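Each chain is listed here by its residues.
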Amino acid sequence: MPKQIEDRVACRTPAEGRDGTTNIPVWKFDLLRGAILDVLRRAGKDGVLNKDLRDAVAAELSNDDLTRLGKLGWHVVTVKLELEVRGEITRMPVKGPLRIALA
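Now for a description of the structure that goes with this document. The shown structure was predicted, so the numbers you read here are calculated from the model rather than taken from an experiment.

Reading the values: the criteria
- Residues numbered from 1 in each chain as written.
- Predicted model: local features only at pLDDT ≥ 70, side-chain atom pairs only at ≥ 80, totals over all residues.
- Heavy atoms only, no water.
- Pairing = 2+ DSSP bridges.
- Helix = DSSP H or I, 4+ residues; strand = E, 2+ residues; numbered from the N terminus.
- Contact = heavy atoms within 4.5 Å.
- Axes fitted to C-alpha atoms, helices over the stretch in contact; angles between N-to-C directions.

1. Concerning the sheet that holds strand β4 (residues 89-91)
In sheet architecture, strand pairing relies on hydrogen bonds along the backbone and comes in two forms, parallel and antiparallel.
Phase 1 of the analysis: Ordered in space as β3-β5-β4, the three strands form an open sheet in which the pairing is antiparallel. In this open sheet, the two strands that pair with only one neighbour each are β3 (48-49) and β4.
Phase 2 of the analysis: Sheet analysis places β3 next to strand β5 (residues 99-102), joined by two bridges and oriented antiparallel. What sits directly across from Val48, in β5, is Ile100.
Phase 3 of the analysis: Together, β4 and β5 form the strand contacts of helix α4 (residues 72-86), whose direction differs from that of β4 by roughly 95°.

Right, here's the structure in full:
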């Protein structure tokens with residue numbers, strides 16, 4: 001019996017001149033999108049330091065979800081970049097370390 005191919009989401013990057021995509025399973029995208037948006041909603045107008053996003057997302061997920069996801073940091077970055085491209089989140093125009101917030 002042929003292996004069933006999962007539905008995937010094409011995740012893009014907002015970087016100029018980078019037109020490639022990374023395709024991840026829909027369930028991973030939806031899970032991480034929800035967790036990222038929840039973290040940013042709670043953070044409000046101050047946003048979240050980009051370097052703290054991975055740990056904040058990890059705190060949102062169950063141990064089972066974390067195990068199923070695999071490399072959490074890689075997936076968080078991939079989904080975060082796609083959310084930037086979609087205009088759902090934004091990089092805050094502040095000096096210092098990168099902060100992200102809801103758009």
